[in-house]
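Descriptive analysis of the structure
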Amino acid sequence: MAFSIKDFNAQLHKHGLAKSNLFVLKITLNENLTFLEENMATQDMTFLCRSAEVPEVAVQTVDFKPRGYGPSEKRPNGFELPLLPTVFMVDSNFGVTRFFHRWMQDIVNYDIDAGYLSEINGGQRPYEFGYRDDYACTIEVTIFSQNQTDKTYSYKFYNAYPTSVGSQQVAWENAGEVMTLPVQFAYDGMKVEATTTGELTGDTNSANGILGLLSSLNTFGQALNNLNRPRNIQDLVNTVTDVNTILGSLR
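So, here is what we can say about the structure in this document. (Residues numbered from 1 in each chain as written. Predicted model: local features only at pLDDT ≥ 70, side-chain atom pairs only at ≥ 80, totals over all residues. Heavy atoms only, no water.)

Now for the nonpolar core. In terms of nonpolar packing, the biggest core is built from 31 residues, with Ile27, Phe88, Phe100, Trp103 and Ile139 touching the most fellow members. Elements that contribute at least two residues to this core include exactly β1 (23-28), α2 (42-48), β5 (84-89), α3 (95-107), β6 (137-144), β7 (152-165) and β8 (180-186). At six residues, α3 tops the list of elements feeding residues into this core. (Core = buried A, V, L, I, M, F, W, Y, C linked by side-chain atoms within 4.5 Å. Buried < 20%, exposed > 50% of the residue type's maximum accessible area, 1.4 Å probe, protein only. Helix = DSSP H or I, 4+ residues; strand = E, 2+ residues; numbered from the N terminus.)

In C-alpha cells, the structure reads:
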C-alpha cells in the first residue's frame, strides 16, 4: 500500500502525541524527614522540578550458544535499577539547595565544623551513615496527556533517596540564566502504571507453608524493631548478641 499523508495525519489526529514537557514530580517524605519542609515545602518542589529522566526498564543479558557453536543468542540473566536523574530550579531563598544538602546530611553526616566528635540526629558523627528507613521516601513522576486531561502515565519509585546533589556553576556572564541543581536518586523498587500487580497463589499446603513463614518473619521483624540501634562498640556487641538469640529461636 502506498504511503498516504492523509492517512498519516488522520492517525495522528486520532491518537494524538504525548508531550515531554507535561509532567510533575512529587516527593512524599517519611515522618523522619518532614523537617526538610522548613527549607522548602514538597508541594512547592513539584513546580520547581525542571526535568526528570525516567530510567529505562532493561534486563541484563549473557551470550549463549544453543548449539555449542555458531551465532550466539542473548539470554536474560539479571535486572538492575538505574538511577533517577532530575534537575531542580533553585529559588531566590536557596530553599531547594538547603532541602537537598540537609537531606544528604541525614544519609552521611559530612559536616565537621564542630569537630569529629560532634553529633547530629542523636548520635550520628561526621562521615557516619544513617539508617535507610530514616532517610528514604517515595517519588512519583506523572506524565500528562496534551489532549485529554484525565489521561496520565505514572512511575513510582520506592525507598528513594539522593545519591548525589550536583555541582552548581556560578559565573558573571550567566546573568540571564536560572540556577539549577542536578540531583540523582537511588531506589529499590519501581512501579510502572502498565505493569500488573501480582497475587499470592498456590494450593492449601503451600499456602500454609507460606503463611507460617510470614508469621515467623513477622515475629522476627517485630523483635528486630524492638532492638536499640547501636551508637557505640558496646551497643553493637549487645545488638549482635540479641540478634543471634532471636535467630536461634526461629530454628
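Moving on from the coordinates now.
Should the charged atoms of two oppositely charged side chains come close, the side chains can pair. Per the counting criterion, the structure on display carries five salt bridges. For Asp188, the salt bridge is made with Arg132, and the minimal N-O distance between the two is 2.8 Å. Highlighted residues: Asp188 in the loop between β8 and β9 (189-192) and Arg132 in helix α4 (residues 132-135), separated in sequence by 56 residues. Asp188 sits in the partly exposed class, given a relative accessible area of 38%. (Salt bridge = Lys/Arg side-chain N within 4 Å of Asp/Glu carboxyl O.)

Moving on, we get to the packing of aromatic side chains. Enumeration according to the criterion identifies ten aromatic pairs in this entry. Ring centres of Tyr135 and Tyr161 lie 5.3 Å apart, and the angle between their planes is 75°; this geometry places the pair in the edge-to-face category. With Tyr135 in helix α4 and Tyr161 in strand β7, the pair connects residues that are 26 residues apart, well separated along the chain. (Phe/Tyr/Trp six-rings, centres within 6.5 Å; stacked < 30°, edge-to-face > 60°.)

Remember that the coordinates give geometry; whether it matters functionally is a separate question.
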